[in-house]
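# Secondary and tertiary structure notes
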Amino acid sequence: MENILLKDDVAGLEAYFACGGYKPLKKALGLTPAEVIDEVKKSNLRGRGGAGFPAGLKWSFIPKDAQGPRYLVCNADEGEPGTFKDRELMRKNPHALIEGMAIAGYAIGAAHGYIYIRGEFAEEAELLEHAVAAARAKGFIGRNILGSGFDFELFIHRGAGAYICGEETALLESLEGYKGQPRLKPPFPAIKGLFGSPTVMNNVETLAAVPAIIDKGGDWYASIGTGKSAGTKLFCVSGPVNKPGVYELPLGTPLRDLLEKNCGGLKPGKKLKAVIPGGSSTPVLTAGEALAVKLDYESLAAAGSMLGSGAVIVIDESQCMVGLLRVLARFYHHESCGQCTPCREGCGWIEKILNRFEEGRAEMKDIDMLSSVADGMMGRTICPLADAMAMPVLSFVKKFRAEFEAHARGETCARRAGPKA
Amino acid sequence: MPTITIDGKSIEVEKGTTLLAAAQKLGIYIPRYCYHPKLSISGNCRMCLVEVEKAPKLLTACSTEAAEGMVVRTTSDKVKAARRDVLEYLLINHPLDCPICDQAGECGLQDYYMDYSLARSRFSMADKVRREKRRPIGPNLVLDNERCILCTRCVRFCSEVTKTSELEVMNRGDHSYIDLKEGKALDNGYSLNIADICPVGAFTSRDFRFKQRVWFLKRTKTVCLGCATGCLVEAHHNENVIYRLVPDPNPETNTWLCDHGRLTYKALQAGDRLKKGVIKNGLIELEPALREAATRIDEARGAVAVMGSPWLSIEDNAALARLARDSVKTGDYCFDFNFEQGIKDGILINKDQAPNTAGVRPVKAAYGGISMGELAGRIASGKIKLLLTEARAAALLKDALKDSGTRVVVFAANRGEIPAGAYATLPYAAYFETPGTFINYQGLRRRTTPPVAAPEGVKPLWDVVNKLASYSGASLGLDSGDDALKGISF
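What you see is a predicted model, and the numbers here were worked out from it, not measured in a lab. (Residues numbered from 1 in each chain as written. Chains lettered and ligands numbered in written order. Predicted model: local features only at pLDDT ≥ 70, side-chain atom pairs only at ≥ 80, totals over all residues. Heavy atoms only, no water.)

Helix and strand counts for chain B stand at 15 helices and 22 strands. Across the 490 residues in chain B, those meeting the buried criterion constitute 59%. Of the contacts made within chain B by residues no fewer than 6 positions apart, 62% connect residues no fewer than 24 positions apart. Surface exposure of chain B reaches about 20300 Å², of which carbon and sulfur atoms provide 51%. With 66 positive and 58 negative side-chain charges, chain B shows a separation of 1 Å between the mean positions of the two kinds. (Helix = DSSP H or I, 4+ residues; strand = E, 2+ residues; numbered from the N terminus. Buried < 20%, exposed > 50% of the residue type's maximum accessible area, 1.4 Å probe, protein only. Contact = heavy atoms within 4.5 Å. Areas by Shrake-Rupley, 256 points an atom, 1.4 Å probe, with all protein chains shown as cover. Lys, Arg positive; Asp, Glu negative; His and termini not counted. Charge placed at Lys NZ, Arg CZ, Asp CG, Glu CD.)

Pasting the structure below:
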């Protein structure tokens, strides 16, 4: 099918116009905000940042009688290891995001929107600035949009490099100028978000899907995919495949098809060992599990993992699961904000245990210790960063225990054996 | 008003009540580090996790509000496991230097480990995160970041109570540490409260460090007399030595204690603490000093003035009034103090530095006397040959006394209080050494309980006054402080 989000040659405003751009905004402004929300509810569009929360429902959580300003925030702090879809989307189709935000802003009654973009995306931030300026010049952003009386101002805010700021409330803290640390919930952002006001936050990919939904209708969007998992999703594939990259596919596409049809299979001589299906924090699947699973929220949950951000990390037989997990542990240890005890201390502890495995100092009992340290972190912190560390640990140890045991016995793993042989 | 059940016990609470507060009402204790009743909720330590029926995860009792029908468990296996795990996480990078830590004996880590864990360490000592130790931070505190559990009570205290925001958590993850913000110093007048609220040995008091193991300390509840606020305090002492004052939180007056008030006890142990009398500049034994003072009072009979003091208890002021009226038989006595009162910094420190301005009023009401202005006028015009008063009160008449030729006889606890040119000084038992009644700026009557005894031979001021009177031949018959209070209504 034709891509909804990832299109070539629509980055410029004229080109975006040429394929019907900003017509949906005009259409939306002719509807009531409640009608716009209903259309998005009908579409079954779910959050593409990782959690998969229904977007229309999220919008409807803004209290109807809320006084004072409301805010719309786009989470473009794409930091989950393995994820690079939002960057691609912002490069290729920035106006879909801008138009989606104007529509969402109208739907929730926000006069101000922020795009909080990952600090490393300097080029994309600049590109967005230009795109917003172009949209403003044509009256799609700013005061009295298209003569409707609706005002919507859009700001680009660059992050400063912390993974944790991709977490909704840490992002808000950072946006307000504080240290990026997740807030206690409740209150949720819909009640008390940015600057204490009702706030909706959506992922780039979620917002970019809105214009098409308004244009062609919620029912049309809902008809794509599996029903509960509606629409298309961007999948970013990394690892030893022939054509790694970002692919837009209807939800429910078999993972096997993504790997074999879109990515051209694994590189010559490589054999699939495992797949992390939804970004580094989601539980790993064995090759068998991966090749049997479909890429949608429900199928991946049933397989014991998550759709997450759609970052498909392909792992082949030559790679060492212990070493890979250690890389992840180093990342989460480095990125834990340090607020909650289990995450602050647990992430570092896990990395230290894994270092022992890598350095040949581990004992058998360390394997269970890894799981028990991770268990103690699961679900016991303010934000899910602790879970993001615990889930790979638990799944790696459970599914690839033999590799951990081999390390504990002092045997070299596949990766080490490779170059030496 | 939601009704909830905690560990099988039902309770109806106000809307907005947290599970922790509701449990407390039922007498169920939920362990906590970051929670403090007078600070904002942070929810970071995860020690207060409890199980709530139908909630998929454990919830923090400190932040979760009671909702109708909630069924809460605080001792289930899941909760116990979570507490054990949190303690293990907190302890892996802890230096375990309890033997040289002042917090030992009143440490949240030690206590909760005994109550909720008792697990063996699974962490390799070599892997511990090292941080900066024993760094003096401000005039009153030492910071040991290695012992810190990052509960942020100190940070919140400085931003919410003193509103000076000196402290911040720097860096991230397990390399986080508490530090001063750039250009700040931790000297906000309330800094020692941080040592109190720090649940571990990260912040310790420079004054108290290494002086005494806490389990040797006895506790006496008394009143701080550093100003007219009259905070309730607990004096911690051992073998007749006070080691520290800590606040005794109460809804009327104080949760905290200012650094000034907290260190007032040090006057007792100061090098200039008077144990003997002073005549001019020479120390002499108590008895001869008393006789000398009595002789001078007799000599000046007819031109003696007596002044009370807002630094003295009602008992002591009343004894001075009795002395003036019934023994010296002078009309020149003054119990007229009208200092402006009220909290001046929005926290605790009073505009009135004297503790008992309000308590002198009933003495004045009972005995009358002349005003401060009249007394000053009589002194300045040379009509007063001898003035008997308390040392700090004498300073109020400094200008009138200059060149007046008036002999000044004062009561003082410390030599530093004696005004220049005083003829004789008689020591007396200070605040922490004898009971006394005071009235704070709110009009609340407060009686001090002495944690320690006065130096040998040093008596309460009313007792010294009683002796002075008997040397003059007209006994006041005071056998106790209460005797002095007769006839005074307050």
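With that settled, the discussion passes to the overall build of chain A. When you go through chain A residue by residue, the secondary structure sums to 20 helices and eleven strands. What you see for chain A is a C-alpha radius of gyration of 22 Å, in line with the 22 Å of a compact globule of 421 residues. Projected onto the principal axes, the alpha-carbon positions of chain A cover approximately 75 × 45 × 35 Å. The 421 residues of chain A split such that 60% are buried. Summarising the internal contacts of chain A: among those between residues at least 6 apart in sequence, 71% fall at separations of at least 24. About 15700 Å² of surface is accessible on chain A, with carbon and sulfur atoms providing 53% of the total. Here chain A carries 50 positive and 49 negative side-chain charges, and the mean point of each set is 2 Å from the other. (Rg over C-alpha atoms; globule rule 2.2 N^0.38 Å.)

Quick look at the interface of chain A and chain B now. In this assembly, 31 residues from chain A lie in contact with 36 residues from chain B. Note on chain A versus chain B: buried area summed over both sides is about 2600 Å², and carbon and sulfur give 49% of it. Applying the counting criterion to the chain A and chain B interface returns three salt bridges. In this structure, A:Arg380 engages B:Asp85 in a salt bridge whose closest nitrogen and oxygen atoms are separated by 2.6 Å. Our count for the chain A to chain B interface comes out at 19 residue pairs in polar contact (both at pLDDT 80 or more). Put simply, the parts of the chain that give the side of chain A that touches chain B at least two residues each are α15 (321-335), α16 (341-358) and α17 (365-377) of chain A. With nine residues, α16(A) is the single largest residue contributor to the side of chain A that touches chain B. Grouping the constituent residues of the side of chain A that touches chain B by class yields ten nonpolar, 13 polar and eight charged. (Buried area = accessible area lost by both parts, 1.4 Å probe. Salt bridge = Lys/Arg side-chain N within 4 Å of Asp/Glu carboxyl O. Polar contact = N/O pair within 3.5 Å; in protein donor to acceptor, adjacent residues only side chain to side chain. Nonpolar A, V, L, I, M, F, W, Y, C, P; charged D, E, K, R; others polar.)

Glancing now at helix α10 (residues 357-367) of chain B. Residue and element names in this part refer to chain B. Buried residues of α10: Thr357, Ala358, Gly359, Val360, Pro362, Val363 and Tyr367, and no others. Those residues of α10 that are buried lie in contact with α9 (314-328), β17 (333-334) and β21 (437-439). Directly beyond the C-terminal end of α10, a positive phi value near 70° is found at Gly368.

Turning our eyes to something else, we now look at the pairing of strand β20 (residues 424-427) of chain B. Taken residue by residue, a regular strand's side chains alternate between the two faces of the sheet. All names here are of chain B. The alternating pattern of β20 places Ala424 and Leu426 on one face and Thr425 and Pro427 on the opposite face, and all of these are buried. As defined by bridge partners, strand β14 (residues 277-279) adjoins β20 across two bridges and the pair is classed as antiparallel. Among the inter-strand pairings, Ile279 is bridged to a residue of β20, identified as Ala424. The pairing of strand β19 (residues 407-412) with β20 spans four bridges and is parallel. Note that in β20 the partner of Phe411 across the bridge is Leu426. (Pairing = 2+ DSSP bridges.)

Let us now look at the pattern of salt bridges. When the charged atoms of two side chains lie near each other, side chains of opposite charge can form a pair. Applying the stated rule across the entire model yields 64 salt bridges over all chains. Across the pair A:Arg401 and A:Glu405 runs a salt bridge whose closest N-O atoms are separated by 3.2 Å. Of this pair, A:Arg401 and A:Glu405 both sit in helix α19 (residues 401-409), four residues apart, which is roughly one turn of that helix. With a relative accessible area of 26%, A:Glu405 lands in the partly exposed category. A salt bridge links B:Glu132 to B:Arg135, with the shortest nitrogen-to-oxygen separation between them at 3.5 Å. We classify B:Glu132 as partly exposed; its relative accessible area is 44%.

In this section: the state of the cysteines. Residue and element names in this part refer to chain B. Inspection of every chain in the model, using the stated rule, returns zero disulfides over all chains. The cysteine Cys34 is free of any disulfide, with Cys45 supplying the nearest cysteine sulfur at 3.7 Å. Its sulfur unpaired, Cys158 is 6.8 Å from the next cysteine sulfur, which belongs to Cys154. (Disulfide = S-S within 2.5 Å.)

A few words now on the environment of A:Gln181. Residue and element names in this part refer to chain A. Within the element layout of this structure, Gln181 appears in the loop between α8 (168-175) and β4 (199-203). The buried category is assigned to Gln181, whose relative accessible area is 18%. Taking C-alpha positions, Gln181 is 36 Å from Ala222, a pair spaced 41 residues apart along the chain. Residues within four places of Gln181 in sequence aside, it is in contact with Thr169, Ala170, Glu173, Cys337 and Gln339.

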